[in-house]
Every structure is written in structure tokens, then in C-alpha cells.
Amino acid sequence: MQLIDGKSLANKIQEGVAESVEALKREKNIVPGLAVILIGDDPASHAYVKMKAKACEKVGFYSITHHMPDTISQDEIIATIKMMNDNPRIDGILVQLPLPKHIDTDKILEVIDPKKDVDGFHPYNVGRLVTGLDGFVACTPLGVMKMFDAYDIDLEGKDVCVVGASNIVGKPMASLLLNANATVTITHIYTKDLKTHTLAADIVVVGVGVPGLIKADMVKEGAIVIDIGINRIEDGSLVGDVDFPEVSKKCSHITPVPGGVGPMTIAMLLENTLKSAKKRDA
Ligand code: GUN
């Protein structure tokens, strides 16, 4: 069994980004800028935003966080996004999800300038991904693809089961895998028999937020298992959606939680923001 070390891969990517930032500053006098919009007091969202801001600082980005109370109106959020769309120092805009219930998430995401949509959530970029065109791709699934690449995992013709069909993870993940010529099955909460699908797969990618959902009897011997879940359980520790101690005995490759996909998400956010900054004024 080989552990897919997302943490060290992400560190390597961050070093590369930092070098590119230096070059961009030197050659074009451009400092990549990321604006993060954080609404409300959800502790997990706060923790993620803090990690993102820290990573930006580490690679030499300019970053600002707009923290708003959860009583904020939709119009005020939209006005802030429009301000960031027009701000020439900002290359990427990220609205941390989930948003409070009175806010229409789809409407908010559509206000972001697709050229600054470093989360890849705007329908324009989602459409480009599905079509196989270049654009911004959601950070978590993009990070998973980088892991496959770094570990020489060939996807062509492989049976891949994606567990979870969210707009943030499952759907873009399935599109990327399909674009890489894998045979993709997407399962979700209405799937009749999850085990039939996971057991048949060469690769299982799971991101649903259910601790330990994927058990050893649900994956075939030698499978590759990617765990996107990050769940805080009662004892305060972080676990994924996979029963790691048991499943790891059966598979050829597996990602740990923490230290697997999580750090890759942040590394991809940095890469996407750098990509946008390189196109500034273009
Ligand atoms: N909430 C959970 N994952 C993400 C993500 O990748 N981006 C944003 N903006 N919010 C999230």
C-alpha cells in the first residue's frame, strides 16, 4: 500500500508558485492578488479561510479577506464582489461556501467575473470544463488530478466511482476524469446500492462528509482510494469519509486525512490565482 502524500506534494507546488511570483514581480511588476469573502461565523469556514490567507502570504500574494456578518444582505455581498471585479490588484475572488440560508448561492457565484473565478464555480467555467476547454477548475478535484499525475496513476479506461455529486467536488471531479478517458460512475444519496458501484471500481473518489462511509468490504483488492472528506468527530480529531485503518490494508494507494487532498486544494487555489495574474491586462 502506498500513501499518497498530499502534504508534501502541496508543499512542492507552493514552492513553485512562490518562485513564479518572484519572477512575475521582477519581470512585470505584478503581485498576484486574492480576495476572499467570508460570511458568518462557521468555525470550519473560518479555519479554511485562515489557511488560505496564510498560504497566500507564504507565496508572496497580496490577499484581503472581507469578513461580513451573517445578517448581511445579498445586495451588499454582490456590491463587494463587483468592487473586487473592478479592482485591478485582484486576480482571484473566492466566496467561502456554504453561505447563510437567506443568500442565493447561485446568484452570488454568477456575479464573479469568470476571469477572476479561481474557485471555478461560475457556470461559464463549469461549462468550459465539461466541454474540455481551458478555464478555471474547482480546486479540490483539480488537486486530486494532480495527485494522480504525480503518482503516475493512469486513468485511461479505468473504472472510477465518484461518491458524491456536489457542484464543488463530485460533478467537476467526474468531468475531469471523463476528460481523462476514464469510465466514470457518479453515486449519490439516491443511489440504490452504493457498494455494488464502489466494489466494481479500480479507483474510488469519495467526498460526501460522512465519517467512515467507505468500509473495507466496499473496495476491491488493489483499488486506489481518494478521500476528500474532512470530518471532525466527537473526540475532536479529523477523519475522512473512508475507514482508513481497514481500507488501507486492501488498496494499492490511499490518501490520508489530514495530509491528503486538503493541502492540495489550497495549492490549487494558489496555482489558479497565479494563472489569473499571469493573464492580467491580457
Ligand atoms: N467550501 C468547501 N470547499 C470549498 C471550496 O473549495 N471553495 C469555497 N469557496 N468554499 C468551499
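Residues numbered from 1 in each chain as written. Predicted model: local features only at pLDDT ≥ 70, side-chain atom pairs only at ≥ 80, totals over all residues. Heavy atoms only, no water.

A. Here's a closer look at the overall build of the protein chain. Within the protein chain one finds 10 helices and 11 strands. The principal-axis extents of the C-alpha atoms in the protein chain amount to approximately 50 × 45 × 40 Å. The buried share among the 282 residues of the protein chain stands at 49%. In the protein chain, 70% of the contacts between residues at least 6 apart in sequence involve partners at least 24 apart. On the protein chain, roughly 13700 Å² of surface is accessible, and the fraction owed to carbon and sulfur atoms is 54%. Charge-centre separation for the protein chain: the mean point of 30 positive side chains lies 3 Å from the mean point of 37 negative side chains. (Helix = DSSP H or I, 4+ residues; strand = E, 2+ residues; numbered from the N terminus. Buried < 20%, exposed > 50% of the residue type's maximum accessible area, 1.4 Å probe, protein only. Contact = heavy atoms within 4.5 Å. Areas by Shrake-Rupley, 256 points an atom, 1.4 Å probe, with all protein chains shown as cover. Lys, Arg positive; Asp, Glu negative; His and termini not counted. Charge placed at Lys NZ, Arg CZ, Asp CG, Glu CD.)

B. Structural detail: the pattern of salt bridges. The full count for this structure, using the stated rule, is seven salt bridges. E271 serves as the salt-bridge partner of K146, at 3.1 Å between the closest nitrogen and oxygen. Separated by 125 residues along the polypeptide, K146 in helix α6 (residues 139-150) and E271 in helix α10 (residues 261-278) bring together distant segments of the chain. Judged by relative accessible area, E271 falls into the partly exposed class, the value being 26%. A salt bridge links E246 to K249, with the shortest nitrogen-to-oxygen separation between them at 3.3 Å. The exposure class assigned to E246 is partly exposed, which follows from its relative accessible area of 36%. K249 sits in the exposed class, given a relative accessible area of 61%. (Salt bridge = Lys/Arg side-chain N within 4 Å of Asp/Glu carboxyl O.)

C. Up close: the sheet that holds strand β3 (residues 62-68). The strand order across the open sheet formed by three strands is β3-β2-β4, and the pairing between neighbours is parallel. Only two strands of the sheet have a single neighbouring strand rather than two, namely β3 and β4 (92-95). Neighbour-to-neighbour, the strand axes of the sheet open up by a mean angle of 15°, direction not taken into account. Examined bridge by bridge, strand β2 (residues 33-39) and β4 share four bridges and lie parallel to one another. Residue pairing in the sheet places A35 in a bridge with I93 of β4. Sheet strands touched by helix α3 (residues 74-86): β2, β3 and β4. Its angle to β3, the strand with the most contacts, is close to 170°. (Pairing = 2+ DSSP bridges. Axes fitted to C-alpha atoms, helices over the stretch in contact; angles between N-to-C directions.)

D. Spotlight on a nonpolar patch on the surface. A cluster of nonpolar side chains, contributed by Y48, M51, I230 and L238, occupies part of the molecular surface with about 310 Å² of accessible area. Mapped onto the fold, L238 is located in strand β10 (residues 238-239). In this structure L238 comes out as partly exposed when scored by relative accessible area, which is 30%. (Patch = residues over 30% accessible without salt bridge, like charges linked within 9 Å, V, L, I, M, F, W, Y side chains within 5 Å.)

E. Focus on the packing of aromatic side chains. Summed over the entire model, instances satisfying the criterion amount to zero aromatic pairs. One cation-aromatic arrangement involves R89 over Y62; the distance from NZ or CZ to the ring centre is 3.8 Å. Of note, K275 hangs over the ring of F136, and the distance from its end group to the ring centre comes to 5.4 Å. (Phe/Tyr/Trp six-rings, centres within 6.5 Å; stacked < 30°, edge-to-face > 60°. Lys NZ or Arg CZ within 6 Å of the ring centre and 35° of its normal.)

F. Structural view of the site of the ligand. Contacts to the ligand come from K52, L94, V95, Q96, L97, D119 and F121. In this structure, a nitrogen atom belonging to the ligand sits 2.8 Å away from a main-chain N or O atom of V95. Side-chain polar atom of Q96 to a nitrogen atom of the ligand: 3.4 Å apart, as the coordinates give it. For the ligand, the protein covers 82% of the area, taking 270 Å² as the surface of the free molecule. (Near = heavy atom within 4 Å. Polar contact = N/O pair within 3.5 Å; in protein donor to acceptor, adjacent residues only side chain to side chain.)

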